Amino acid sequence: MSGTNPAPGGFGPPSQPPQQPGPGYGYPQSGPSYGYPAGPAPQGMPPAPYPQTPGYGTPPQPSNGMGTTGLVLGIIGLVCSLTFFLWFFGVILGILAIIFGAVGRGKANRGEATNKGAATAGLICGIVATVILPLLGILLFASVMGGVGAAS
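If you look the protein up in an unreviewed UniProt entry, it shows as Membrane protein from Streptomyces caelestis.

This is the structure:
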């Protein structure tokens, strides 16, 4: 019995050959690729960074901590020196602002930091909080006491 009819207990030839899955399914046929795709970046995505050459590190980041600390301490020292009952803390914070501001300016002059302006402002605020405001307070106190003593 030869023909297209199946034999008892057997199966006939397949009606269609099996189909391969369409694009978008399974793994890509090209070799493995790592990182960003080679084409342009999709909408809203930043462009792919350039790969770094082995053996060369990134340049060190500037250390701006000293100048910034001097500025913050100088501002807080000014505020404390302006108040009557916190002037002692203002003087201490002003001294610290002078130290940190001077170190920050030195780093900026050597090229290790990029915030020379903040370090200078911290140095100036520290000097004002340490010297000028307490001196003005003492002069004000002396003038008030001199006026009270002359009135009696």
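**Concerning the UniProt feature "transmembrane region" (unreviewed entry) in the protein**
What UniProt calls "transmembrane region" (unreviewed entry) maps, in this numbering, to residues 71-100 and 121-145. Taken end to end, residues 121-145 is 100% helix and 0% strand, and its two terminal C-alpha atoms sit 34 Å from one another.

**Quick notes on the packing of helix α1 (residues 65-82) against helix α2 (residues 87-110)**
Between α1 and α2, the shortest axis-to-axis distance is 7 Å and the interhelical angle comes to 160 degrees. In terms of orientation, α1 and α2 fall into the roughly antiparallel class. The interaxial crossing formed by α1 with α2 has left-handed handedness. On α2, the residues touching Met66, Gly67, Thr69, Gly70, Leu73, Gly74, Ile76, Gly77, Cys80 and Ser81 of α1 are Trp87, Phe89, Gly90, Val91, Leu93, Leu96, Ala97, Phe100, Gly101, Val103, Gly104 and Lys107. Looking at the contact of α1 with α2, its residues break down into 12 nonpolar, 9 polar and 1 charged.

**Let's talk about the pattern of salt bridges**
Enumeration according to the criterion identifies 1 salt bridge in this entry. Between arginine 110 and glutamate 112 there is a salt bridge whose closest N-O contact spans 3.3 Å. Classification of arginine 110 by relative accessible area gives exposed; the value is 55%.

**Brief notes about α1**
With 18 residues, α1 should cover 26 Å at 1.5 Å per step; its first-to-last C-alpha distance of 26 Å lies within 8% of that length. Burial in α1 covers these residues: Gly67, Gly70, Leu73, Gly74, Gly77, Cys80 and Ser81. Along α1, the residues classed as buried sweep out an arc of 150 degrees about the axis, all on the same side. Opposite the buried face of α1, by more than 90 degrees, sit the exposed residues Val79 and Leu82.

**Some details on the side chain of threonine 130**
Along the chain, threonine 130 falls in helix α3 (residues 116-151). A polar contact is formed between the side chain of threonine 130 and the backbone oxygen of glycine 94, at a distance of 3.5 Å. Looking at threonine 130, its side chain comes within polar contact range of the main-chain nitrogen of isoleucine 95, at 3.2 Å. Look past the residues within four positions of threonine 130 in its chain and what remains in contact with it is Val91, Gly94, Ile95 and Ile98.

The rules behind each value
Residues numbered from 1 in each chain as written. Predicted model: local features only at pLDDT ≥ 70, side-chain atom pairs only at ≥ 80, totals over all residues. Heavy atoms only, no water. UniProt positions renumbered as here; feature names shortened; annotations may be inferred. Helix = DSSP H or I, 4+ residues; strand = E, 2+ residues; numbered from the N terminus. Axes fitted to C-alpha atoms, helices over the stretch in contact; angles between N-to-C directions. Parallel < 35°, antiparallel > 145°, perpendicular 65-115°, else oblique. Left-handed = near helix turned anticlockwise from the far one by under 90°. Contact = heavy atoms within 4.5 Å. Nonpolar A, V, L, I, M, F, W, Y, C, P; charged D, E, K, R; others polar. Salt bridge = Lys/Arg side-chain N within 4 Å of Asp/Glu carboxyl O. Buried < 20%, exposed > 50% of the residue type's maximum accessible area, 1.4 Å probe, protein only. Expected span 1.5 Å × (residues − 1). Arc of directions from axis to C-beta. Polar contact = N/O pair within 3.5 Å; in protein donor to acceptor, adjacent residues only side chain to side chain.

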